[in-house]
Amino acid sequence: MTLPPVVRLVARNFVANLDPITLLVMFGQPAFLIVILGTMFDQLIPSVGASGSYVAFLVPGMIASQMITGAVLAGRIFWLDRRWSMVEQLFSGPFERAEYLAALLVTALLFSLVGVGIMVLVALPLIGVPGLSAAEILVVLATIGLGSLFFGGILIALGSRIRSANLYFTIQSVLQYFLIFISTVYYPVSAKTPEALRIIVYGNPLTYAANTVRDAFTHSFGPGDLVAGAILSALAVVAFALAVLGFRRLELGPVQ
Amino acid sequence: MVIRVDRLGFAYTPDRFAVRNLEFEVGRGEVFGLLGRNGAGKTTTVRLLTTLLPPTEGTAYLWGKELRACGRAERARMGVVLQSESLDFVTVERNLTLYAFLWGVPREAAKSRAEEMLALFELDGVRDRKPWALSGGERRRFQVARELMHEMELLFLDEPTVGLDALTRQRILGYLAARARDGLSIVFTTHLLQEADQLCHRIGVMQDGRLRAHGPPAEIKRRYRGARSVEAEFERPLTPSEVAELRSTLEREGRELRLVTLELGTLVFQAANAEDLVATLARWAHARGVDLERISVREATLEEAFVTLVSEEAPSPPVGAGAGR
């Protein structure tokens, strides 16, 4: 029995693009941050809102940031496929553009979920087993899914327009660090936060995702999370539309 | 008919055509060669026929289906070796089996096919290397080997033998010829005219995005180069008046005569009635008291026909240019 095209492409994305070094860097870095940053700042920061300890605050944020890790991987696969002409090769074979795009987004989602699992495992010795209800787990997964779709869509849309590897990877790195640092992944936003910074932080979709995951971990869902979910859903739809548009206009041929 | 191309064209902008007004057909088990200089439009033609580019004028039919309506079902029946190298970041062997997996080839069949391809394309010794660590020739062999991992009825090969040594080229051409005998249709672009002559049942010569001629290689050679090529070497350089006289003598009798060069005592021309002209040439030399050191008559090559064809609009080198130097 032949597997559906999207499944074959997703399997290929994982087999062909995941070398141990890439995995170590992409998952090792956030895991390292949970252990080192969590342990060190835990001594300095006595308590952070409903989370309690700093490490308990940090872990949900790092979990939310995995949506960017998955998106970055999907963007990287897409770019390397363009650079090494695999996009053309696959499009000249039994695959449609929509299937390739879907496979990239599914890869981003699966990779994000693997990252979530790894972050939870790394955090276990620090915060214990998070006692999430089924609904809370679902909300976390849905948030990660929407976030992966949003960030993956944005990076794929960018990758479809840019014809220079240097430019693409520079934009991706800047975007990645900007989004993670100007969000509530590492620190909370409070009344003391400068207003300009607060506006930027709340303009960042990762903030909504981090807050929602954090609320799941502290069993404190509120109307704000519904708004956050709605905003993230709308942004995911827009990013997906941009990615589709990028694919429809994708110019095949050499890139640098 | 596997491919029928009907006034096919592609323009980047309304006044900038890459290919225009193409018309040719490819039958089952036929090898069709596309020849042309760099930028002639060969690769664009392949990209159009493999649905990578949408035509901007005319159309083509793949197995009777209009090109714009062709999709997965038609692409699943074809293989494509693009000019640009494509690879996945795994070993050569894994690339082969992974590609087969993408095409839905069952695992066991893929493994045995991979062994066959590794042996056929002499990649056995590099099976555990990553493709980017291969030499240029090995990478090209890898590209062709990988595409042959799945079944197909139509194969597009865009300059598949670039960078290959003569022995490997011969083996690959032999394999492709055998596959064509089994019914595989092949569209083949190349700069190596000798291999097109050897492999292709019919060829199309492209220039500036247009198909200047197409037909069996022998016909192209005959039509565009005359049946024979003659090379004569005189004992001494001819004087300008001798050159003028010889030229008018040959032109009076020559059918489809094309003088290639006449300088430093060497004359090269092609003509349909080359043997007759050799006799005329000998008589003229005898009458003028000029000894002929050497004279040879041979079949025109496809390369000569190609050069004639693509330079047809350029003025022929003036006969006698440089004579007496």
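Look a little higher up for the structure.
Residues numbered from 1 in each chain as written. Chains lettered and ligands numbered in written order. Predicted model: local features only at pLDDT ≥ 70, side-chain atom pairs only at ≥ 80, totals over all residues. Heavy atoms only, no water.

Draft legend 1. Layout of unusual backbone geometry. Within the chain, A:His219 stands out as a residue other than glycine whose phi angle is a positive 50 degrees. Positionally, A:His219 belongs in the loop between α9 (205-217) and α10 (223-248). Residue class for A:His219 comes out partly exposed when judged on its relative accessible area of 47%. Phi angles above zero are rare outside glycine, and B:Asp208 is one such case at about 50 degrees. Relative to the helices and strands, B:Asp208 resides in the loop between β9 (202-207) and β10 (210-215). In this structure B:Asp208 comes out as exposed when scored by relative accessible area, which is 64%. (Helix = DSSP H or I, 4+ residues; strand = E, 2+ residues; numbered from the N terminus. Buried < 20%, exposed > 50% of the residue type's maximum accessible area, 1.4 Å probe, protein only.)

Draft legend 2. Spatial organisation of the nonpolar core. A:Tyr100, B:Ile3, B:Phe156, B:Leu176, B:Ile186 and B:Phe188 are the most contacted members of the largest nonpolar core, which has 143 residues in total. The leading source of residues in this core is helix α3 (residues 54-83) of chain A, at 16 residues. Filtering out sequence-adjacent residues up to four positions away, B:Phe156 remains in contact with B:Ile3, B:Val46, B:Leu49, B:Thr50, B:Met78, B:Gly79, B:Val80, B:Val81 and B:Val187. B:Val230, B:Phe234, B:Leu259 and B:Ala274 belong to the second-largest nonpolar core, a separate cluster that totals 18 residues. (Core = buried A, V, L, I, M, F, W, Y, C linked by side-chain atoms within 4.5 Å. Contact = heavy atoms within 4.5 Å.)

Draft legend 3. Geometry of the side chain of A:Gln66. Structurally, A:Gln66 is set in helix α3. Sequence-distant contacts of A:Gln66, that is, excluding residues within four places in its chain, are made with A:Phe27, A:Pro30, A:Ser112, A:Gly115, A:Val116 and A:Met119.

Draft legend 4. Region of the structure containing the sheet that holds strand β5 (residues 65-66) of chain B. Strand order in this open sheet of 4 strands is β2-β1-β4-β5 (chain B), and the pairing throughout is antiparallel. Looking at the sheet topology across the chains shown, the edges are occupied by β2 (16-26) and β5 of chain B. (Pairing = 2+ DSSP bridges.)

Draft legend 5. Spatial organisation of the environment of A:Pro30. Residues and elements named next belong to chain A. Summarising the element assignment, proline 30 is placed in helix α2 (residues 20-44). Taking the C-alpha atoms as reference, proline 30 lies 9.4 Å from threonine 69; in sequence the two are 39 residues apart. In this structure proline 30 touches Val25, Met62, Gln66 and Met119, once residues within four positions along its chain are discounted.

Draft legend 6. Broad picture of helix α5 (residues 97-127) of chain A. Taking 1.5 Å of rise per residue, 31 residues should cover 45 Å, and α5(A) covers 44 Å from first to last C-alpha, within 8% of that figure. Along α5(A), the helix axis deviates most sharply at A:Leu121, where the bend reaches about 25 degrees; the proline A:Pro125 sits within four residues downstream. (Expected span 1.5 Å × (residues − 1). Bend = angle between axes of the 7 residues up to and from the residue.)

Draft legend 7. Structural detail: the interface of chain A and chain B. Taken together, the contact pairs 27 residues of chain A with 25 residues of chain B. Here chain A packs against chain B, burying approximately 2400 Å² in sum over the two surfaces, 58% of which is carbon and sulfur. Taken together, the links from chain A to chain B amount to 4 salt bridges. Between B:Arg47 and A:Glu88 there is a salt bridge whose closest N-O contact spans 2.2 Å. Between the two partners, chain A and chain B, sit 17 residue pairs in polar contact (both at pLDDT 80 or more). Put simply, the parts of the chain that give the side of chain A that touches chain B at least two residues each are α1 (5-17), α3, α4 (86-91) and α5 of chain A. Of all the elements, α1(A) adds the most residues to the side of chain A that touches chain B, at 7 residues. Classifying every residue of the side of chain A that touches chain B gives 14 nonpolar, 6 polar and 7 charged. (Buried area = accessible area lost by both parts, 1.4 Å probe. Salt bridge = Lys/Arg side-chain N within 4 Å of Asp/Glu carboxyl O. Polar contact = N/O pair within 3.5 Å; in protein donor to acceptor, adjacent residues only side chain to side chain. Nonpolar A, V, L, I, M, F, W, Y, C, P; charged D, E, K, R; others polar.)

Draft legend 8. Examining empty space enclosed by the protein more closely. Residue and element names in this part refer to chain A. Taken as a whole and judged by the stated rule, the model has 2 cavities of 30 Å³ or more. Taken as a whole, the largest cavity encloses approximately 50 Å³ of empty space. Lining the largest cavity are Ile68, Val72, Phe151, Ile154, Leu155, Gln172, Leu175, Gln176 and Leu179. Take the lining of the largest cavity: its biggest share by element is 4 residues, from helix α7 (residues 165-181). Of the residues belonging to the lining of the largest cavity, the class tally is 7 nonpolar, 2 polar and no charged. As a volume, the second largest cavity reaches approximately 40 Å³. (1 Å grid on protein atoms, 1.4 Å probe; cavity = no way out; pocket = protein on both sides within 12 Å on 5 of 7 lines; lining within 4 Å. Points joined across faces, edges and corners; volume = space filled by probe spheres on them.)

Draft legend 9. Summary view of the pairing of strand β1 (residues 3-13) of chain B. Residue and element names in this part refer to chain B. One ladder, built from 5 bridges, connects β1 with strand β4 (residues 57-62); its direction is antiparallel. Note that in β4 the partner of valine 5 across the bridge is alanine 60. The pairing of β1 with β2 spans 8 bridges and is classified as antiparallel. The residue of β2 that forms the bridge with isoleucine 3 is valine 26. With antiparallel pairing between neighbouring strands as the criterion, β1 and β2 make up a hairpin whose turn holds 2 residues.

Draft legend 10. Fine view of the sheet that holds β10(B). All names here are of chain B. Across the sheet, which stays open at both edges, the 6 strands sit in the order β6-β7-β8-β3-β9-β10 with mixed pairing between neighbours. Single-partner strands in this sheet number two, and they are β6 (78-81) and β10. Sheet twist, expressed as the average angle between the axes of neighbouring strands with direction ignored, equals 15 degrees. Pairing geometry for β9 and β10, over 5 bridges, is antiparallel. In the sheet register, valine 205 faces β10, and the bridge partner there is alanine 213. Its contacts with the sheet place helix α1 (residues 42-49) against β3 (31-36), β6, β7 (154-158), β8 (185-190) and β9, and it is angled at close to 140 degrees to β3. (Axes fitted to C-alpha atoms, helices over the stretch in contact; angles between N-to-C directions.)

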